[in-house]
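Coordinate inspection notes
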Amino acid sequence: MTSTHTESQVRRNQLGTLSALTWIGDPEEGHDMPYLLAYSLGDGEGGHEAGEAAARSLLEEMGLPIGDVVLDGTRTPSLPLTVLVEAEQAALTMPGLNVQCSAPPEWVKAADDHGQVYFLFATRPWPEAVPGRPVTPEMLQAFAGDEAVLTSSAHVVLPVTKLRK
């Protein structure tokens, strides 16, 4: 029996484990924007290079610009990307992929207060940020603050969605 793989399935295999994490700026400095970062561990078929290419392809397929352009998803209702914030969890949904992560109460409050989150999808893998292991502020700064990571990521301001009650 022969099976075929769609291009999308191959890219997901190359993308590897998709993970996410949340953080906010320092509220005491007047910076309480909630951030959501999605990234691959680089553990897919073909390693880091294939994972980075797969992430770029996925972002391009969704129409998300890569680089220093920030897409305002609050004004783009057709955007195939949503973030649901509920019960100290952030759930990100995009075509063929879903990822969720824990969100501390202060992040959830900032997301609720702003009604939006600043989303980054890094094309560069981050193998050190394995789910279940702590990510220190220094690790986060070294990765998310790296100019090469920032300029190779998609940046989108996403409206927060909630479950209907």
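Overview of the structure. These numbers were taken from a predicted model, which means no experiment stands behind them. (Residues numbered from 1 in each chain as written. Predicted model: local features only at pLDDT ≥ 70, side-chain atom pairs only at ≥ 80, totals over all residues. Heavy atoms only, no water.)

Right, let's get into the packing of aromatic side chains. On inspection of all chains with the given rule, the structure shows six aromatic pairs. Taken together, Trp 23, Tyr 35 and Tyr 118 form an aromatic cluster joined through their ring pairs. (Phe/Tyr/Trp six-rings, centres within 6.5 Å; stacked < 30°, edge-to-face > 60°.)

Mapped onto the secondary structure, His 155 falls in strand S8 (residues 153–161). Polar contacts involving the side chain of His 155 include one to the side chain of Tyr 118, which spans 2.9 Å. Those residues in contact with His 155, other than ones at most four positions away along the chain, are Pro 65, Gly 67, Val 69, Val 70, Leu 71, Tyr 118, Phe 119, Leu 120 and Leu 150. (Helix = DSSP H or I, 4+ residues; strand = E, 2+ residues; numbered from the N terminus. Polar contact = N/O pair within 3.5 Å; in protein donor to acceptor, adjacent residues only side chain to side chain. Contact = heavy atoms within 4.5 Å.)

Right, let's get into the pairing of strand S4 (residues 82–86). Residue alternation in S4 divides its side chains into a buried set, Val 83 and Val 85, and an unburied set, Thr 82, Leu 84 and Glu 86. As paired strands, S4 and strand S5 (residues 89–94) are joined by five bridges and run antiparallel to one another. Note on S5: the bridge partner recorded for Thr 82 is Thr 93. Between the antiparallel neighbours S4 and S5 lie two residues, among them Ala 87 with a positive phi of about 50°. Relative to S8, S4 is paired through two bridges, and the arrangement is parallel. For Leu 84, the partnering residue across the bridge sits in S8 and is Thr 161. (Buried < 20%, exposed > 50% of the residue type's maximum accessible area, 1.4 Å probe, protein only. Pairing = 2+ DSSP bridges.)

What follows concerns the environment of Cys 101. Secondary-structure assignment places Cys 101 in strand S6 (residues 97–102). Apart from residues lying up to four places away in sequence, Cys 101 is in contact with Ala 20, Leu 21, Thr 22, Leu 36, Glu 88, Gln 89 and Ala 90.

Next up on the list: helix H3 (residues 105–114). Looking only at H3, the buried set comprises Trp 107, Val 108, Ala 110 and Ala 111. Take H3 and look down its axis: the buried residues cluster within an arc of 160°, on one side only. Across H3 from its buried face, at more than 90 degrees, point the exposed residues Lys 109 and Asp 113. As for H3, its buried residues are in contact with strand S1 (18–24), strand S2 (34–40), S4, S5, strand S7 (116–122) and S8. Where H3 ends, the next residue or the one after it, Gly 115, has phi of about 75°, a positive value. (Arc of directions from axis to C-beta.)

So, about the pattern of salt bridges. Taken as a whole, this structure holds three salt bridges when the rule is applied. Salt-bridge contacts for Arg 75 lead to Asp 72; the nearest nitrogen and oxygen are separated by 3.2 Å. A residue is classified by how much of its surface remains accessible, and Asp 72, at 28% relative accessible area, is partly exposed. The closest approach of N and O atoms between Asp 112 and Lys 162, which form a salt bridge, is 2.9 Å. In this pair, Asp 112 sits in helix H3 while Lys 162 sits in the segment after S8, placing the two residues 50 residues apart along the sequence. Residue Asp 112 is classed as partly exposed on the basis of its relative accessible area, which comes to 38%. (Salt bridge = Lys/Arg side-chain N within 4 Å of Asp/Glu carboxyl O.)

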